[in-house]
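The primary structure of each chain is shown beneath.
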Amino acid sequence: TWQCLDCTPPDDECIPMGNRCCDGGDKRKDTPLSRPSYACKATSELSSTYGTTKYTCQAAVVDEVSNITALAAEPVEAPQANLEQQSSEDGAESKQCVSSGEACRDGADCCGVCAYIGA
């Protein structure tokens, strides 16, 4: 099941499975951002919530952005994904987004991020 969720603000703790960071996470199912500004990265701290390495949303480095995008989608899919995002910006959908808690929809951006939450 894919659901729109609130994104994780910069410097807040995140889960390193997928990128749920604001201005970094996917707005649509299977459509990664071509140049995410933030990524969920390890810190030198211990998470009080999970009792393991703490991850926070941090500014993405150019080389990391390439790796994130490459891991998130096959290169063949990336050009189509970019066209999809551009086409929605021209229509009325760019003014409305799918709210947190609702299912991700084809052709519509989530207000936060679109994330897989399990079956």
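Quick note: structure is the one above.
Residues numbered from 1 in each chain as written. Predicted model: local features only at pLDDT ≥ 70, side-chain atom pairs only at ≥ 80, totals over all residues. Heavy atoms only, no water.

**Student:** Even after reading the chapter, I still don't get the overall build of the protein chain, so can you show me in this structure?
**Tutor:** The number of helices and strands found in the protein chain is 2 helices and 4 strands. A buried classification covers 31% of the 119 residues belonging to the protein chain. Expressed as a percentage of contacts within the protein chain between residues at least 6 apart in sequence, the contacts between residues at least 24 apart total 55%. Entry remark: accessible area of the protein chain is about 7,600 Å², with carbon and sulfur atoms responsible for 49%. (Helix = DSSP H or I, 4+ residues; strand = E, 2+ residues; numbered from the N terminus. Buried < 20%, exposed > 50% of the residue type's maximum accessible area, 1.4 Å probe, protein only. Contact = heavy atoms within 4.5 Å. Areas by Shrake-Rupley, 256 points an atom, 1.4 Å probe, with all protein chains shown as cover.)

**Student:** Help me out: how do you make sense of the pattern of salt bridges in this one?
**Tutor:** Pairs can form between side chains of opposite charge whenever their charged atoms are close. Considering all chains together, one arrives at 3 salt bridges under this definition. Where Glu45 meets Lys54, a salt bridge forms, and the shortest distance between an N and an O atom there is 3.8 Å. When its relative accessible area of 21% is taken as the criterion, Lys54 is described as partly exposed. With its nearest N and O atoms 2.6 Å apart, the salt bridge here joins Arg105 to Glu102. (Salt bridge = Lys/Arg side-chain N within 4 Å of Asp/Glu carboxyl O.)

**Student:** Is there a simple way to think about the environment of Cys110 in this case?
**Tutor:** One can find Cys110 in the loop between helix 2 (77-90) and strand 4 (113-116). In contact with Cys110, other than residues within four places in its own chain, are Cys4, Lys27, Cys97, Val98 and Cys104.

**Student:** How should the pairing of strand 3 (residues 53-59) be read in this particular structure?
**Tutor:** Within a regular strand, the side chains alternate between the two sheet faces. Note: strand 2 (residues 38-46) against strand 3, 6 bridges, orientation antiparallel. Across the sheet, residue Cys40 finds its bridge partner in strand 3, namely Cys57. Linking two consecutive strands that pair antiparallel, namely strand 2 and strand 3, is a turn of 6 residues; a positive phi of about 70° is found at Gly51 within it. (Pairing = 2+ DSSP bridges.)

**Student:** Help me understand the side chain of Gln3 in this model?
**Tutor:** On the secondary structure map, Gln3 appears in strand 1 (residues 2-5). In this structure the side chain of Gln3 is engaged in a polar contact, spanning 2.7 Å, whose partner is the backbone oxygen of Gly101. (Polar contact = N/O pair within 3.5 Å; in protein donor to acceptor, adjacent residues only side chain to side chain.)

**Student:** What exactly am I supposed to notice about the environment of Gly118 here?
**Tutor:** On the secondary structure map, Gly118 appears in the segment after strand 4. Considering only alpha carbons, one finds Gly118 and Gln3, 115 residues apart in sequence, at a separation of 9.5 Å.

**Student:** Which parts of the structure should I look at to understand the state of the cysteines?
**Tutor:** Among covalent bonds in proteins, the disulfide is the one between the sulfur atoms of two cysteines. Scanning the model with the defined rule gives 6 disulfides in all. Disulfide pairing places Cys4 opposite Cys110 at an S-S distance of 1.9 Å. In this structure the cystine formed by Cys4 and Cys110 twists about its S-S bond by roughly -65°; its chirality is therefore left-handed. With Cys4 in strand 1 and Cys110 in the loop between helix 2 and strand 4, this residue pair connects regions lying 106 residues apart in the sequence. Note on accessibility: Cys4 and Cys110 belong to one class, buried. The partner cysteine of Cys14 in its disulfide is Cys40, sulfur to sulfur 2.0 Å. (Disulfide = S-S within 2.5 Å.)

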